[in-house]
Amino acid sequence: QLQACGGALVQAGGSLGLSCAASGRSSRTSTTGWFRQVQGKEREFVAAIFRGGSTTRFADSVKGRFTLSRDNAKNTVYLQMNSLKPEDTAVYYCSLSERVILSSVYRESAYDYWGQGTLVTVSS
């Protein structure tokens, strides 16, 4: 139901855009969260765009470098990543929730639907 795309190998300082397309669920009425995971480590929150509008939240580590946008007609959320760093290397997952409250968008457990993950590799 969720298809995350766009992962690639990019040089440090470069940019990359990821997309998360939802089928069967509305990205407009759902909150979309992005998380990432490095092998051997726990999955961590990256960013979220709250349902119904354009309210966003970002992890401190990506604030000012990553942005979120939504195309309701395509039922797709985009994560634009700029000024990438080697420490941004991870598998990125998008997730969806119709029930999460704004204060809980950072929590993995708040999301009900998950995409398969897309690998982002940032070379130094």
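Residues numbered from 1 in each chain as written. Predicted model: local features only at pLDDT ≥ 70, side-chain atom pairs only at ≥ 80, totals over all residues. Heavy atoms only, no water.

Student: Account for the pattern of salt bridges, with residues named and values stated.
Tutor: Using the criterion set out here, one finds six salt bridges in the structure. Each of Arg36, Glu44, Arg65 and Asp88 takes part in salt bridges that share partners, so that together they form one network. (Salt bridge = Lys/Arg side-chain N within 4 Å of Asp/Glu carboxyl O.)

Student: Now, about the environment of asparagine 82: what can you tell me, with residues and values included?
Tutor: You can see asparagine 82 is positioned in the loop between strand S8 (76-81) and strand S9 (90-97). By relative accessible area, which is 27% here, asparagine 82 ends up partly exposed. Aside from chain neighbours lying at most four places away, what touches asparagine 82 is Gly14, Ser15, Arg65 and Phe66. Only 2.9 Å separates the side chain of asparagine 82 from the side chain of serine 15, close enough to count as a polar contact. (Helix = DSSP H or I, 4+ residues; strand = E, 2+ residues; numbered from the N terminus. Buried < 20%, exposed > 50% of the residue type's maximum accessible area, 1.4 Å probe, protein only. Contact = heavy atoms within 4.5 Å. Polar contact = N/O pair within 3.5 Å; in protein donor to acceptor, adjacent residues only side chain to side chain.)

Student: I'd love a proper account of the environment of aspartate 71, names of residues and values included.
Tutor: Tracing the chain through its elements places aspartate 71 in strand S7 (residues 66-71). On the basis of relative accessibility, which here comes to 24%, the residue aspartate 71 falls in the partly exposed class. For the pair formed by aspartate 71 and alanine 48, sequence separation is 23 residues and the distance between their alpha carbons is 15 Å.

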